[in-house]
Amino acid sequence: MRYDEAKLAEYFSQAPEDVSLADIDMARIPGHVSIIMDGNGRWAQARGLDRSRGHVAGVDSLREAVTTSVRLGLDVLSVYAFSTENWKRPQEEVNMLMHLFATTLLHELPLFHQENVRLRFFGDLEALPEETRKVFQQGLDETAANTGMTFALAVNYGSRAELARAARVLAQRVQDGELDASAIDENALASELYTAGLPDPDLLIRTSGELRLSNYLLWQLAYTEFYVTPTLWPDFSRWEFLRAIKSFQGRKRRFGGVVNS
Ligand code: FPP
C-alpha cells in the first residue's frame, strides 16, 4: 500500500531514544498486522479505576494504531475486540463494551473517511445487540467505497467455532451434491472462514505479556511472526508499534523452507 512520505515523517518525529523511523525499511512493511489488545482491565485496576475506564482508554490506543497503520502504508490492520469467551464477563462489562464499540465506530467514521479506511468485521455478528449490529452495518456501508487500508475487527470471534462452521458449510455442500469431498483443500476451507478474502497476518502483536493465542486466528496464523510486549494496551503507542515492526524486520521468514544467506 502506498504511504505519504511527508505525513509519515511528521507523524514519527520526536522519536524516543531506542527506536525511530530510520530503523524501519519502508520497502518491507508487513502487509497485514493483527493485534490482540490485552491489559485494559489491569491498566485501570493499577490506577484504582473501574475496568471500564481501561476500555475507554483503549479506544485512544486503537485510534492511534489505525493512524499508525495508515501512515506506514499497511494493507490490513485487524484487532481482536471481543471473543466468544468474553460473554462470560460480568453483564455490566459486556453491555459497556457493546455500547463502546457502537459509539466509537460512529464517532470515528470521519477519521476512516479522512484516511480512506474501509471497515470489515469477522465473527458471529448475529448474536450482538441490535444497536451494535446496526452501527456495524452503517460502518460497512459508509466505508465500502474507500480504497485504502482495511481495518478489520474481530467481534464475537472464536477460531474453533469459525473452523467448525466452515466444516459444516462444506459438509452441507457435499451432502447437497454441489461439491466433491476430494475438492476440499486448504483454499476451499479458507474461503469459508470469516476472514475469507483477507491475507493471512504477517505479524501478530499481543500486549500485556501473555504468551497465548486465546482462540484467535488458529488457521490464519500458521506462518505469522509473533511480537509480545509487556506494555498494557492503553499504553500502546506508535513507538511500540514501530518496535514491533523493527523486530519483525529482523526475522528470517522461512515458511517451513530454508533461506539462503
Ligand atoms: C482486553 O483487555 C480488551 C478487551 C476485551 C476489549 C478491547 C476493547 C477496546 C480496546 C476498546 C475499543 C474497541 C473498539 C473495537 C472500538 P482485558 O479487559 O482483557 O484486560 P485484562 O486482561 O487486564 O483484564
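Because the structure is predicted, anything quoted here is derived from the model rather than measured. (Residues numbered from 1 in each chain as written. Predicted model: local features only at pLDDT ≥ 70, side-chain atom pairs only at ≥ 80, totals over all residues. Heavy atoms only, no water.)

## Thoughts on the overall build of the protein chain
- When its secondary structure is counted, the protein chain shows eight helices and six strands.
- Along the protein chain, helices (α) and strands (β) appear in the sequence α-β-α-α-β-α-β-α-β-α-α-β-β-α when read from the amino end.
- Here the C-alpha atoms of the protein chain give a radius of gyration of 19 Å, agreeing with the 18 Å that 2.2 N^0.38 yields for 261 residues.
- When the backbone C-alpha atoms are referred to their principal axes, the protein chain occupies close to 60 × 55 × 35 Å.
- Across the 261 residues in the protein chain, those meeting the buried criterion constitute 48%.
- When the accessible surface of the protein chain is split by element, carbon and sulfur atoms take 49% of a total near 13300 Å².
- Across the protein chain, the centroid of the 28 positively charged side chains sits 4 Å from that of the 36 negatively charged ones. (Helix = DSSP H or I, 4+ residues; strand = E, 2+ residues; numbered from the N terminus. Rg over C-alpha atoms; globule rule 2.2 N^0.38 Å. Buried < 20%, exposed > 50% of the residue type's maximum accessible area, 1.4 Å probe, protein only. Areas by Shrake-Rupley, 256 points an atom, 1.4 Å probe, with all protein chains shown as cover. Lys, Arg positive; Asp, Glu negative; His and termini not counted. Charge placed at Lys NZ, Arg CZ, Asp CG, Glu CD.)

## Topic: the pattern of salt bridges
- Inspection of the entire model under this criterion finds 20 salt bridges.
- Ionic pairing is found between R71 and E115, a salt bridge with its closest N-O pair at 2.9 Å. One end of the pair, R71, is in helix α3 (residues 51–72); the other, E115, is in the loop between α4 (91–114) and β3 (118–122), and 44 residues separate them in sequence. (Salt bridge = Lys/Arg side-chain N within 4 Å of Asp/Glu carboxyl O.)

## What about helix α8 (residues 238–249)?
- Helix length check: α8 (twelve residues) gives 16 Å between terminal C-alpha atoms against 16 Å at 1.5 Å per residue, within 8%.
- Those residues of α8 hidden inside the fold are in contact with β1 (32–36), α3, β2 (76–83), β5 (203–206) and β6 (225–228). (Expected span 1.5 Å × (residues − 1). Contact = heavy atoms within 4.5 Å.)

## A few points about the environment of E108
- Its place among the elements puts E108 in helix α4.
- Through-space distance from the C-alpha of E108 to that of M98 is 16 Å; in sequence the pair is ten residues apart.

## Some points on the site of the ligand
- Neighbouring the ligand are 19 residues; D38, G41, R42, R51 and R89 lie closest to it.
- At a separation of 2.7 Å, an oxygen atom of the ligand approaches a polar backbone atom of R42.
- Here an oxygen atom of the ligand and a side-chain polar atom of R51 are 2.9 Å apart.
- Bound to the protein, the ligand loses 93% of the 620 Å² it would expose on its own.
- Among the secondary structure elements, those contributing two or more residues to the shell around the ligand are α2 (40–46), α3 and α4. (Near = heavy atom within 4 Å. Polar contact = N/O pair within 3.5 Å; in protein donor to acceptor, adjacent residues only side chain to side chain.)

## Observations concerning the packing of α4 against helix α5 (residues 130–143)
- Relative to each other, α4 and α5 sit at 15 degrees, their axes nearing to 8 Å. What the angle tells us is that α4 and α5 run roughly parallel. Here α4 runs over α5; the crossing is left-handed. Of the residues in α5, those touching α4 at M98, H99, F101, A102, L105, L106, L109, F112 and H113 are E131, T132, V135, F136, Q138, G139, E142 and T143.
- Per-class residue counts for the contact of α4 with α5 are nine nonpolar, six polar and two charged. (Axes fitted to C-alpha atoms, helices over the stretch in contact; angles between N-to-C directions. Parallel < 35°, antiparallel > 145°, perpendicular 65-115°, else oblique. Left-handed = near helix turned anticlockwise from the far one by under 90°. Nonpolar A, V, L, I, M, F, W, Y, C, P; charged D, E, K, R; others polar.)

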